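Next come the chains, spelled out residue by residue.
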Amino acid sequence: MKLKKGYFITFEGIDGCGKTTQIELLDNWLKSLGKETLLTLEPGGSNLGKDLRQILLHYEKPVADTAEMFLYLADRAQHVNNVIMPALCEGKIVLCDRYTDSTAAYQGYARGCDINQINMLNDIATGNLQSDLTIVFDIDVQTAQLRLGKTKDRLEKESVDFHTKVKNGYLELSRLYPQRIKTVNANRTIKEIFSDVKKLVGELLNI
Ligand code: TYD
């Protein structure tokens, strides 16, 4: 059995919540402390995943909800096997932009796929690899929409109602798994949000 020595931190939130900026700040901070990190994302964190990402975000014909779910899961299975687990076994801190909770929030709470099935399929796709810490960037849907600008991908083009369901889905997940999932108020300045992120990660890593 492979032994995981590193830490696995994932970042979640609705489209336009500002998490990518925060992950980059965090990566720089950890590197400045001499930590070895791997910054990665879903969908698209592996070679196969890059092709799946293209389909997931830009396919122009209708996609069945279940087909969409399986494509995200396929991306995840390849990502965990070929990228995340090897890095964790080398002792790295893996920072992942979206992971299992995205499928629960988007395909489950927003699209209406069965949550219990998603949990089971996530376990299969990941070989039961859970994050050590998940930070949800909670933001008003309207504010996030304004940030997205005009060129939106397939998911970003979804309605305000859809993104509200995703947001509420994340809040429900953080109520269900309070040990693992921590919510940060992302309606504030980059600096204020990052100070919360540093605190949460600092507690996990004892720094
Ligand atoms: P991306 O451009 O990476 O958006 P962001 O910067 O907001 O993360 O696109 C990823 C999109 O895929 C985003 O709209 C959320 C969606 N998604 C799911 O619907 N389910 C999933 O399991 C994952 C990983 C992402």
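Residues numbered from 1 in each chain as written. Predicted model: local features only at pLDDT ≥ 70, side-chain atom pairs only at ≥ 80, totals over all residues. Heavy atoms only, no water.

## Comments concerning the site of the ligand
Around the ligand lies a shell of 17 residues, among which Asp 15, Lys 19, Arg 98, Thr 103 and Gln 107 are the nearest. Side-chain polar atom of Asp 15 to an oxygen atom of the ligand: 2.7 Å apart, as the coordinates give it. Here an oxygen atom of the ligand sits 2.6 Å away from a polar atom, N or O, in the side chain of Thr 103. In isolation the ligand exposes 550 Å². Once the protein is present, 92% of that is buried. At the level of secondary structure, the elements contributing two or more residues to the shell around the ligand comprise helix 1 (19–32), helix 2 (47–58), helix 3 (65–89) and helix 4 (100–110). With four residues, helix 4 is the single largest residue contributor to the shell around the ligand. Across the shell around the ligand, the residue classes tally to five nonpolar, four polar and eight charged. (Near = heavy atom within 4 Å. Polar contact = N/O pair within 3.5 Å; in protein donor to acceptor, adjacent residues only side chain to side chain. Areas by Shrake-Rupley, 256 points an atom, 1.4 Å probe, with all protein chains shown as cover. Helix = DSSP H or I, 4+ residues; strand = E, 2+ residues; numbered from the N terminus. Nonpolar A, V, L, I, M, F, W, Y, C, P; charged D, E, K, R; others polar.)

## A few points about the layout of surface pockets
What the largest pocket holds in volume is close to 490 Å³. Looking at the largest pocket, it is lined by 26 residues, and the ones nearest its centre are Asp 15, Lys 19, Arg 98, Asp 153 and Glu 156. Elements with a contribution of two residues or more to the lining of the largest pocket: helix 1, helix 2, helix 3, helix 4 and helix 6 (141–148). In terms of residue count, the dominant contributor to the lining of the largest pocket is helix 4 (four residues). When its residues are assigned to classes, the lining of the largest pocket shows 10 nonpolar, six polar and 10 charged. Taken as a whole, the second largest pocket holds about 260 Å³ of empty space. Considering the residues around the second largest pocket, the lining is formed by 15 residues, among which Thr 100, Asn 119, Asp 123, Gln 130 and Arg 180 are closest to the centre. Counting only elements with at least two residues in the lining of the second largest pocket, the list comes to helix 4 and helix 5 (115–126). (1 Å grid on protein atoms, 1.4 Å probe; cavity = no way out; pocket = protein on both sides within 12 Å on 5 of 7 lines; lining within 4 Å. Points joined across faces, edges and corners; volume = space filled by probe spheres on them.)

Just geometry here; none of it tells us what the structure is for.
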